[in-house]
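# Structural description and commentary
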Amino acid sequence: MTKKTAKAFAPGAISSFFEIFQTNPNGTPITNLQHVGATGGGFGLQHGVHTKVSIKPALENSIQITINNKIAPEAKVTQNVTQTILNQTSQKFTVLVEHQIDIPISMGFGTSAGGALTTGLALKEVLNLPLTYNQIGQIAHLAEIQSQTGLGTVSSLSVGGGLILVTKPGAPGICKIDRIPLNPNYVLVAGFYNSNLPKTCLSPSSSKNNNDQINHYGRQTLTKILEKPSVENFLECCWLFAQKTGFATKQVHKLVQLAINAGAIGATQNMIGEAVHAIVLKENAPKVTEAFKQILPKNQVLCCKIDPQGARLTNNKNNNNNDNDNGKNDDKATL
């Protein structure tokens, strides 16, 4: 058997608000991690995670992961997904997983979930395993929960793009997803600082009082959005959530105000990152982009279309060892 490859793409996934579900109504921990998760909402982007998985027969399993052409021992979620799927076959392989990521990492753009889901999709393809999309998504969801890198992003990525609402938490096949229809002329402009906000609320051992406050405002936000499901109301409610929970820093406030003053439909904070996303009519995108560049370097400002699909396998023009590209899919990811 020669080297086999497969490719997959996951949109960037920005979460705009959330409510954590890690305990039962009586306060005891949820033991089935497929039911752990979050409700919330956000956007899928045409920038994201492009993954190529290559396998060769071997005497023992070995896994190497790269992110943007650099070996990435920190990619624990991808490692977890790869090992879990390899365990479903008795054959042994050398596996190379190559992630090309064209969105910020650790800034609330869903890169770990995107990497997990694309790895599962591509590895299932090259191994020809009898797994459904939801089964792959459940493996990726579990890996994220165990690694404390996310709670519900895999579910939103597995179902579709656009403006997504997760109304029931859990892994793919368990969660419930709805959407708010979007004007096709809308684009997303994001600005981010080179700083990471603590994601302690993703840990089961995080402060109960802190999580109770987040959950109170998260539940309130979802109710208000569903009462008036428009993109304008969504962004307004999410910005209130960011402020009431204390996530919004002074720098985030500055970016939101700049976006509104420049003509954005609305703007709010990435959950969880010191970053802001604004929804803008395409003709106003240059104004908002330039406004962000007043206080941010140009490489910390992103403008892209909103992706209408979820994570998916992408075109493999050559499924053997002659494939030498960088793993990006054929879908256009820029304006």
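Heads up: the structure comes first, above all this text.
Residues numbered from 1 in each chain as written. Predicted model: local features only at pLDDT ≥ 70, side-chain atom pairs only at ≥ 80, totals over all residues. Heavy atoms only, no water.

### What to know about empty space enclosed by the protein
For the structure shown, the criterion picks out one cavity of 30 Å³ or more. Considered as a void within the structure, the largest cavity measures approximately 60 Å³ in volume. Surrounding the largest cavity, Tyr-217, Gln-220, Thr-221, Lys-224, Cys-237, Leu-240, Phe-241 and Lys-244 form its lining. Mapped onto the lining of the largest cavity, the elements with two or more residues apiece are helix H5 (208-227) and helix H6 (231-244). Class assignment for the residues of the lining of the largest cavity results in four nonpolar, two polar and two charged. (1 Å grid on protein atoms, 1.4 Å probe; cavity = no way out; pocket = protein on both sides within 12 Å on 5 of 7 lines; lining within 4 Å. Points joined across faces, edges and corners; volume = space filled by probe spheres on them. Helix = DSSP H or I, 4+ residues; strand = E, 2+ residues; numbered from the N terminus. Nonpolar A, V, L, I, M, F, W, Y, C, P; charged D, E, K, R; others polar.)

### Quick notes on helix H2 (residues 111-127)
Look at H2: 24 Å from first C-alpha to last across 17 residues, which is about the 24 Å you get at 1.5 Å a residue. Judged by how many residues are buried, H2 sits mostly within the fold: 15 of 17 residues are covered. Asn-128 sits one or two positions beyond H2 and adopts a positive phi of about 55 degrees. (Expected span 1.5 Å × (residues − 1). Buried < 20%, exposed > 50% of the residue type's maximum accessible area, 1.4 Å probe, protein only.)

### Here's the deal with the packing of helix H1 (residues 76-86) against H2
In contact at an axis separation of 9 Å, H1 and H2 are set at 25 degrees when each is read in the N-to-C sense. Between H1 and H2, the crossing angle belongs to the class labelled roughly parallel. Along this stretch, H1 crosses H2, giving a crossing that reads as right-handed. Facing H1, whose interface residues are Val-77, Thr-78, Val-81, Thr-82, Ile-85 and Leu-86, H2 presents Ser-112, Gly-115, Ala-116, Thr-119, Gly-120, Leu-123 and Leu-127. The residue inventory of the contact of H1 with H2, partitioned by class, reads seven nonpolar, six polar and no charged. (Axes fitted to C-alpha atoms, helices over the stretch in contact; angles between N-to-C directions. Parallel < 35°, antiparallel > 145°, perpendicular 65-115°, else oblique. Left-handed = near helix turned anticlockwise from the far one by under 90°. Contact = heavy atoms within 4.5 Å.)

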